[in-house]
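Now for the letters of each chain:
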Amino acid sequence: MESDRLESPVAIKGIERELICPACKELFTHPLILPCQHNICHKCVKEILFAFEDSFADGGSESSNQSSPRIRISASSMDRIDRINRSGRKRNSLTPRSTLFPCPSCQRDIDLGERGINGLFRNFTLETIVERYRQAARAAIAIMCDFCKPPPQESTKSCMDCSASYCNECFKIHHPWGTVKAQHEYVGPTTNFRPKILMCPEHEMERVNMYCEICRRPVCHLCKLGGGHANHRVTTMSTAYKTLKEKLSKDIEYLISKESQVKAHITQLDLLLKETECNSERAKQEASQSFEKLYHVLEEKKYAALRAIETSKNIRLEKLQTQVEEYQGLLENNGLVGYAQEVLKETDPSCFVQTAKQLHVRIQKATESLKSFRPAAETTFEDFVVDTAKQEDILGDLSFHSNGLEIPEINEEQCRMYNKALISWECPEKTDSADIYVLEYHKLNKEEESVTWQKTEVCGKSKVLSDLDDDSSYAFRVRGYKGSICSPWSREVILRTPPAPVFSFLFDDKCGYNNEHLQLNPRRTSVESRAGFPLLLGSERLQVGCYTTLDYIIGDTGIAKGKHFWAFSVESYSYLVKVGVVPSNKIQKLFHNTHDVTSPRYEQDSGHDSGSEDAFFDSSQPCTLVTLGMKKFFIPATPAAPKDPASRILPLPSCLGICLDCDRGRVGFYDAGRMKCLYECEVDCSGLMYPAFALMGGAAVHLEEAVTAKHREYHDDI
């Protein structure tokens, strides 16, 4: 046994990285195996859990992590605190109550369950390798005997059963021949003592003797019989040992056989390292030159602006100084006035007249300027204010542009403008090369001279916006970022919001609902009219020129006032559908409308052929409806409508909308995809108004679902 334990030491040079704890960045101490199969120090697990509990109490403050200098929790890990911050857990002074934390290696959420740290296996194999590494690192430092009298001798053996080290003499004394202790297991000098039998952490009195292939961990027979592994696939420990050892050996042999290929890759990577250094220096130089050009342009603009201001200042000062001198000449015994006073002393009339004429003109001009005083130059420099707002926005967007980063494109077909706005985009090559996207949008307003874009960062390829105004058009654009590199902006897309707040309702399955002809889905958001046996039986007695009954259904919520909008889609195979609104006082008349049975115009014995009955039929309808069917939208025949029937038939939009304005007494029918009004008319809103639908033959109507959080671009995986 001793020869097996004391054979040449395992080569451990170069494996330091595998022996470092991802939390404390030091050699493992009592490593534990996490459910994700990564290892972590026992002490580090407790410190991470304590740090998280402190973060809960402090609201995730940065100071909460300073009490544990051993561990380094990444920012992405600390972002997860918000999810479990509401759990109400409080720190215990001895044992952390929190059992949820992110793995420092893979960032997956680790739930330790009810047993917490006690439910984790200790990785004795890794612990042994770390100890061998420590021994190799401190080969000059001997392990001393634990039983020698001072001064102790250097130990030669360590007993795994006694967990102690001995010199030759002390070992013979404490392990005499012929005793039970002589059968103890001993190895070379070590400080790493581990139990001979691995016990189950859930059933502390049971040793592990099986391996769960689902959870990839050793279990005992009680775990398999009635524990958490009862329905899992397990195998014997010897079989698992043999299988895993064979796989590991084969993989190691394969890697060793590819040593030349690995060395070639290392050589290639060394060249790439040098090339990266050179290319980064070149990129820095090019970036520096680009900014130097900007500095040069700015310096030139700055010099030109300052020179223009200085020139304007000198001209203005000269004008004002001249004006000052002119007004100083108006003072007594000074300038013009003093000269005029001397001229007045002339007694010779001819000489006086010769001089005084021109002087009098100058005096008159001075008098007029004195009466209407105005500075010769402006003192403000408002014309010289430099507007740099646009340039600041451009410089704010200054970043690295890469030809390798795809330009995203906003997919208008997937975008939805309803109670909220869902903006979706994709890359042309269907790849996700960007780490993050920036979506910008602004409201189109002709009165605003400058455009202010609102910005939001998105981790996925869609975003739900809830702060948009009704009946407004917005411009959207998006760009991708990968580190400091960004793509150019996508093409701007203009989308319009609904003309009014969205009105939510379901189909009413009680009031007048005909379950023989109509079928509702369980959520009451879709209704279908099927042309089956009930319709054939109802049409059996009808002859040429007659039409069958429309099946009506209304919404379960009414509208009393205000402006509201709702949207729906009609299946393309639908033969006949009518949509609109009905007042509460005419609902009964709607469901018992006799004119929906036969038309007197086409009765064989009615004697009418003028079509006047059809006019009566249209005017007597209890509700305001428009007709859809066969992929067409039919504008009602009104005096204001086009007289050509063909011009009143429009293609059926994929999504239709109705806008009811109770205050104005008007209802509009919209192409909900473009938010374009197709037809609008007056409606009597004296009573409570309900959405109304009518179907005949094979037809189906689906209410538009509200845009909710499920459409968000980022699903928080924590």
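Basis of the calculations
Residues numbered from 1 in each chain as written. Predicted model: local features only at pLDDT ≥ 70, side-chain atom pairs only at ≥ 80, totals over all residues. Heavy atoms only, no water. Helix = DSSP H or I, 4+ residues; strand = E, 2+ residues; numbered from the N terminus. Buried < 20%, exposed > 50% of the residue type's maximum accessible area, 1.4 Å probe, protein only. Contact = heavy atoms within 4.5 Å. Areas by Shrake-Rupley, 256 points an atom, 1.4 Å probe, with all protein chains shown as cover. Expected span 1.5 Å × (residues − 1). Core = buried A, V, L, I, M, F, W, Y, C linked by side-chain atoms within 4.5 Å. Axes fitted to C-alpha atoms, helices over the stretch in contact; angles between N-to-C directions. Parallel < 35°, antiparallel > 145°, perpendicular 65-115°, else oblique. Left-handed = near helix turned anticlockwise from the far one by under 90°. Nonpolar A, V, L, I, M, F, W, Y, C, P; charged D, E, K, R; others polar. Pairing = 2+ DSSP bridges. Phe/Tyr/Trp six-rings, centres within 6.5 Å; stacked < 30°, edge-to-face > 60°. Lys NZ or Arg CZ within 6 Å of the ring centre and 35° of its normal. Salt bridge = Lys/Arg side-chain N within 4 Å of Asp/Glu carboxyl O. pLDDT = per-residue confidence, 0-100. 1 Å grid on protein atoms, 1.4 Å probe; cavity = no way out; pocket = protein on both sides within 12 Å on 5 of 7 lines; lining within 4 Å. Points joined across faces, edges and corners; volume = space filled by probe spheres on them.

**Here's the deal with the overall build of the protein**
When helices and strands are tallied, the protein shows 15 helices and 34 strands. Taking all 718 residues of the protein together, the buried fraction comes to 35%. Sequence separation of 24 or more characterises 63% of the internal contacts of the protein that already satisfy a separation of 6 or more. Carbon and sulfur atoms form 53% of the exposed surface of the protein, whose accessible area is close to 45500 Å².

**Points about helix H8 (residues 237-257)**
Each full turn of the α-helix corresponds to 3.6 residues, which orients residues three or four apart in the same direction. For H8, built from 21 residues, the straight-helix expectation of 30 Å at 1.5 Å per residue is met to within 8% by its first-to-last C-alpha distance of 30 Å. Burial analysis of H8 places just 1 of its 21 residues in the buried class, which makes it a mostly uncovered element.

**Comments concerning the nonpolar core**
Counting residues in each nonpolar core, the largest one holds 49 residues, and the members touching the most others are Trp566, Phe568, Leu628, Leu660 and Phe693. With 5 residues, strand S25 (residues 563-570) is the largest single contributor of residues to this core. In contact with Trp566, not counting residues within four places along its chain, are Tyr418, Phe503, Phe505, Ile559, Gly580, Val581, Leu656, Gly657, Ile658, Leu660, Pro691 and Phe693. By size, the runner-up hydrophobic cluster in this structure holds 23 residues, among which are Cys24, Ile40, Cys103 and Leu126.

**Some words on the packing of helix H10 (residues 335-343) against helix H11 (residues 349-371)**
Two numbers describe how H10 lies on H11: the axes approach to 11 Å, and their chain directions differ by 150°. Considering the angle they form, H10 stands roughly antiparallel to H11. Here the hand of the crossing between H10 and H11 comes out left-handed. Seen from H10, the contacting residues are Leu336, Tyr339, Ala340 and Val343; seen from H11, they are Phe352, Thr355, Leu359, Arg362, Ile363 and Ala366. Tallied by class, the residues present in the contact of H10 with H11 amount to 8 nonpolar, 1 polar and 1 charged.

**Quick look at the pairing of strand S27 (residues 624-629)**
In terms of burial, S27 is largely enclosed, as 5 of its 6 residues are buried. Where S27 and strand S28 (residues 632-634) come together, 3 bridges link them in antiparallel fashion. Within S28, the residue paired with Leu628 across the bridge is Phe633. Between the end of S27 and the start of S28, which pair antiparallel, lie 2 residues, with Met630 showing a positive phi angle near 55°.

**Quick look at helix H9 (residues 259-328)**
Helix length check: H9 (70 residues) gives 101 Å between terminal C-alpha atoms against 104 Å at 1.5 Å per residue, within 8%. Taken as a whole, H9 has its buried residues at Ser312, Arg316 and Gln323.

**Overview of the sheet that holds S27**
In space, the 6 strands of this open sheet follow the order S24-S33-S26-S27-S28-S29, with antiparallel pairing throughout. Two strands lie at the open edges of the sheet, namely strand S24 (551-554) and strand S29 (649-651), each paired on one side alone. Across the sheet, the mean angle from the axis of one strand to that of its neighbour is 25°, orientation sign disregarded. Bridge count for strand S26 (residues 576-583) against S27 is 5 bridges, and the pairing is antiparallel. Following the sheet pairing, Lys578 is matched in S27 by Thr627.

**Brief notes about the packing of aromatic side chains**
Taken as a whole and judged by the stated rule, the model has 14 aromatic pairs. Aromatic side chains Phe505 and Trp566 sit 6.0 Å apart centroid to centroid with 90° between the ring planes, which places their arrangement in the edge-to-face category. In this pair, Phe505 is assigned in the loop between strand S21 (493-496) and strand S22 (518-520) and Trp566 in strand S25, connecting sequence segments 61 residues apart. Each member of the aromatic cluster is reached from another via a ring pair, and the members are Phe147, Tyr166 and Phe171. For Arg316, the ring lying beneath its charged end belongs to Phe381, and the centroid distance is 4.2 Å. For Arg477, the ring lying beneath its charged end belongs to Trp453, and the centroid distance is 4.0 Å.

**As for the pattern of salt bridges**
Counted under the stated rule, the structure contains 20 salt bridges. Among the ionic pairs, Lys345 bridges to Glu342, the shortest N-O distance being 3.2 Å. Judged by its relative accessible area of 57%, Lys345 is exposed. Two residues, Asp509 and Lys510, come together in a salt bridge whose shortest N-O distance is 3.4 Å. Judged by its relative accessible area of 32%, Asp509 falls in the partly exposed class. Given the relative accessible area of 69%, Lys510 is considered exposed. Salt bridges here are not isolated pairs; linked through shared partners, they connect Glu440, Lys455 and Arg477.

**Some details on the side chain of Ser490**
Relative to the helices and strands, Ser490 resides in the loop between strand S20 (485-486) and S21. Accessibility expressed as a relative area gives 6% for Ser490, which makes it buried. Excluding residues that lie within four positions of it along the chain, Ser490 makes contacts with Ile407, Pro408, Ile410, Arg477 and Val478.

**A closer look at the confidence of the model for the protein**
Residue-level pLDDT values for the protein average 78, and 79% of them are 70 or greater. Low pLDDT, under 50, characterises residues 1-11; the predicted model gives this stretch 10 contacts beyond four residues in sequence or across chains. Under a pLDDT of 50 for its full length, residues 711-718 has, in the predicted model, 20 contacts with residues more than four places off or in other chains.

**Details of empty space enclosed by the protein**
Across all of its chains, the model carries 1 cavity of 30 Å³ or more by this definition. By volume, the largest cavity is sized at about 30 Å³. In terms of lining, the largest cavity is formed by Phe121, Cys200, Pro201, Glu202, Arg217, Pro218, Val219, Cys223 and His229. Examining the composition of the lining of the largest cavity, we find that 3 residues originate from one element, strand S10 (residues 217-219), more than from any other. Of the residues in the lining of the largest cavity, the class split is 6 nonpolar, 1 polar and 2 charged.

**Topic: the sheet that holds strand S7 (residues 164-166)**
Strand order across the open sheet formed by 3 strands is S7-S6-S8, with antiparallel pairing between neighbours. Strand pairing shows two members of the sheet lacking a second neighbour, S7 and strand S8 (186-187), which therefore form its edges. Where strand S6 (residues 157-159) lies against S7, 3 bridges are found, and the strand directions are antiparallel. For Ser158, the partnering residue across the bridge sits in S7 and is Ser165.

**Looking at the environment of Lys586**
Relative to the elements of secondary structure, Lys586 occurs in the loop between S26 and helix H14 (587-591). For Lys586, a relative accessible area of 31% gives the class partly exposed.

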